[in-house]
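Chain by chain, the residues run as shown.
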Amino acid sequence: MIFILVAILAVTGFFGVRELVLKRYWRELVLYSFLFLCGSALSILQAMRIDLPDPNIALQYVFKDILNLYYK
Amino acid sequence: MKTEKYKISNSQMMFMSISFIQGAHLTIGFMSDITGRDIWAAVIAAFLVSLIFISIYIKLAQKFSGKSLIQINDILYPGVIAKFISLVYILFFFMIGVENLVFTGRFILSYVLPETPLWVVVTMVNFVCGWAVLRGIEVIARCCFLFSLISASAVLVVTLLVAKDMDFSNLQPFFETSLKRFIQGAHVIATIPFCEILVFLMLAPNIGDIKGMKKSILLGVSLSFIQLLVIAIRDVAVLGPLISIIVSPSFETTRVINIYQIITRLDILIAIVLIISMFVKISIFYYAVTKGLAELFKLNSYTYVIVPVGIVMINLSIMTFGSSAQSDYAAAHIWPSFALLFEFIIPPVSLIIAQIKGMNKKREEVG
């Protein structure tokens, strides 16, 4: 399953990067690569069934526990 | 960044506003737990408050004719502060997009495809939304006419079919909810369906007639408000005190329909309405995020970041909230406080700064 995922990500990334390199859009390439690598890393970790922290927990912690700015 | 050539007409803007807010008609279902049978009054209060802030958003768009929220921030705020505010807004829109994607995915999982893994459903939904974003705002704007009509028709059909089961005495006693709960309900409804119209500031460069924008958006919001109000009153009239404990009141109301044992189980209508309405909402936020990133980082086109943003959205939607109960709690108790800054504080401050800068410029010209 992970191999299929990596293959799909690799193909998608290859075509995306190829287009940007051919057009010499370096700024786009940097942003694309950064976001794509973040997304790919999360995807592979999810496929490996590693429990990832819920990003909303940070939001709840800030507003509930620190600022106490929430509806009780 | 190259500006798209397509301009959204006033009528398309109106239908986009209607479709956008229609996407929230089931999300207000979780508010019935807090406001109980006074949900209809909370909808009215939320609408009246939202009108003020929506007018502020429109005034900002008209003052900076043809400029998106990112460009407006660049004009109003100095250097790094402008970039920071813009980035934070992009993250805000991204979070709303993810939350809506999660909601849609969990809804489809609960009511339509219970055996399917969440990631499959979310990937399919996001793929369609990403495709619409890739084709441009033109596609989304044109679809909204048909989608808003389908949604409104479905709501009308369901309302007419349950008319015999409605008992308006269920609306009584009026205002039995405490003031605190009522304010919370109105605040959430103002935050989630209505004031999220703020995202339309990202579409400002694509609007053909900026002056006509006020009328079209306000008309669209008003028509959606009427639909939301009808749904709220209908659900209370049919379900009565049960509305406080049912997870999805609109769904349950539709299940009551039973015409000679032949026309039953019309809840699929609500499922269709929700899915197409959420498609519009997710697409608009997806578009706003990619467009915002393109403008912030001065890219040639927003299309290059559609795929990676989509992958991150899918992953975050799977990671977010372990259950519907957690997401409903966060939406009703935490999210209004978080969104307060973005929807109710920064836009009026931006407008005040714009007015002051405008006045100072006039004084300099006269002096």
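Each chain carries its own residue numbering, running from 1 in the direction its sequence is written. Chain A is the first chain written and ligand 1 is the first ligand written, with later ones labelled in order. Restriction of local features to residues with pLDDT of at least 70 applies here, the model being predicted, together with a cutoff of 80 or more for giving and counting side-chain atom pairs; totals for whole chains, interfaces and linings are based on all residues. As a rule here, side-chain values cover all heavy atoms of the structure and leave hydrogens and water aside.

Before going further, it helps to spend a moment on helix H6 (residues 118–135) of chain B. All names here are of chain B. Counting from the N terminus, the helices are DSSP H or I runs at least four residues long and the strands are E runs at least two residues long. An expected span of 1.5 Å times one less than the residue number is assigned to each helix. Helix length check: H6 (18 residues) gives 26 Å between terminal C-alpha atoms against 26 Å at 1.5 Å per residue, within 8%. Partly exposed residues are those whose accessible area sits between 20% and 50% of the maximum for their type, while under 20% is buried and over 50% is exposed, using a 1.4 Å probe and protein chains only. Inspection of H6 places Leu 118, Val 121, Val 122, Val 125, Asn 126, Cys 129, Gly 130, Ala 132 and Val 133 among the buried residues, and these make up the whole buried set. Burial along H6 is one-sided: seen end-on, the buried residues are contained in an arc of 160 degrees. Among the exposed residues of H6, those pointing more than 90 degrees away from its buried face are Phe 127, Trp 131 and Arg 135. Residues of H6 that are buried sit in contact with helix H5 (79–111), helix H7 (137–161), helix H11 (267–296) and helix H12 (306–319). In this description, one arc is meant: the one made by directions from the helix axis to the C-beta atoms. Contacts: residue pairs with any heavy atoms within 4.5 Å of one another.

With respect to the element layout, B:Ser216 can be found in helix H9 (residues 213–239). With residues up to four places along the chain from it excluded, the contact list for B:Ser216 reads B:Asn10, B:Met13, B:Met14 and B:Ser17.

Quick look at the interface of chain A and chain B now. Size of an interface: often given as the accessible area lost when the parts come together. Residue-level contacts link 31 residues of chain A with 35 residues of chain B. Where chain A abuts chain B, roughly 2,900 Å² becomes buried across the two surfaces, and 68% of that area is made up of carbon and sulfur atoms. Salt bridge, as used here, is a side-chain nitrogen of Lys or Arg placed within 4 Å of a carboxyl oxygen of Asp or Glu. Along the contact surface separating chain A from chain B lie zero salt bridges. Contacts described as polar in this section are N or O atom pairs within 3.5 Å, which, within protein, must combine one atom able to donate a hydrogen with one able to accept it, while residues neighboring in sequence count only if both atoms come from side chains. Applying the counting criterion to the chain A and chain B interface returns eleven residue pairs in polar contact (both at pLDDT 80 or more). Elements that contribute at least two residues to the side of chain A that touches chain B include exactly helix H1 (2–23), helix H2 (26–47) and helix H3 (55–66) of chain A. Among the elements that line the side of chain A that touches chain B, the one with the most residues is H2(A), at eleven residues. Note on definitions: buried area is the accessible-area loss of two parts on being combined, 1.4 Å probe, summed for both.

Moving on, we get to unusual backbone geometry. Along the chain, B:Gln172 connects to B:Pro173 via a cis peptide bond; the corresponding omega equals -5 degrees. In this structure, B:Pro173 sits in the loop between H7 and helix H8 (179–194). With a phi close to 60 degrees, A:Arg49 is a non-glycine residue in the positive phi region. Structurally, A:Arg49 can be placed in the loop between H2 and H3.

Here we come to the packing of H6(B) against H12(B). Residues and elements named next belong to chain B. Here, axes are lines fitted to C-alpha atoms. For helices the fit covers the stretch in contact, and angles between N-to-C directions go from 0 to 180 degrees. At a closest axis distance of 10 Å, the pairing of H6 and H12 adopts a crossing angle of 150 degrees. Classified by the angle their axes make, H6 and H12 are roughly antiparallel. Relative to H12, the crossing made by H6 is right-handed. Residue-level contacts link Leu 118, Trp 119, Val 122, Thr 123, Asn 126, Gly 130, Val 133 and Leu 134 of H6 to Ile 306, Gly 310, Met 313, Ile 314, Ser 317 and Ile 318 of H12. Any angle that falls under 35 degrees is termed roughly parallel, while one over 145 is termed roughly antiparallel, one within 65 to 115 roughly perpendicular, and all others oblique. A clockwise turn of the near helix away from the far one marks a right-handed crossing, whereas an anticlockwise turn of less than a right angle marks a left-handed crossing.

On to the UniProt feature "transmembrane region" (unreviewed entry) in chain A. According to UniProt, the positions carrying the feature "transmembrane region" (unreviewed entry) are residues 29–48 of chain A. Spanning residues 29–48 of chain A, this segment combines 95% helix with 0% strand, and its end C-alpha atoms are found 28 Å apart. UniProt positions are given in the numbering used here, feature names are shortened, and annotations may be inferred rather than shown by experiment.

Now for the packing of aromatic side chains. Residues and elements named next belong to chain B. Geometry of aromatic contacts follows a simple scheme: Phe, Tyr and Trp rings, the Trp one being its six-membered ring, pair when their centres are within 6.5 Å, and the pair is stacked under 30 degrees between planes, edge-to-face over 60, tilted otherwise. As enumerated under the stated definition, the model contains 28 aromatic pairs over all chains in all. With centroids separated by 4.9 Å and ring planes inclined at 80 degrees, the aromatic side chains of Phe 15 and Phe 145 adopt a geometry described as edge-to-face. Residue Phe 15 is located in helix H1 (residues 10–22), and its partner Phe 145 is located in helix H7; the two are separated by 130 residues in the primary sequence. Where Tyr 89 meets Phe 342, the ring centres are 5.5 Å apart and the plane angle is 75 degrees; that geometry is what we call edge-to-face. Taken together, the positions of Tyr 89 in helix H5 and Phe 342 in helix H13 (residues 324–366) put the pair 253 residues apart, joining distant regions of the chain.

So, about the confidence of the model for chain B. Scored by pLDDT, chain B comes out at a mean of 89, with 96% of its residues at no less than 70. Among the scores for the predicted complex, ipTM is 0.94 and pTM is 0.93. pLDDT is a residue-level measure of predictor confidence that goes from 0 to 100.

The next thing to look at is the environment of B:Ser148. All names here are of chain B. Within the element layout of this structure, Ser 148 appears in helix H7. Taking C-alpha positions, Ser 148 is 7.6 Å from Gln 22, a pair spaced 126 residues apart along the chain. Not counting residues up to four positions away in its chain, the partners in contact with Ser 148 are Phe 15, Ile 18, Ser 19 and Gln 22.

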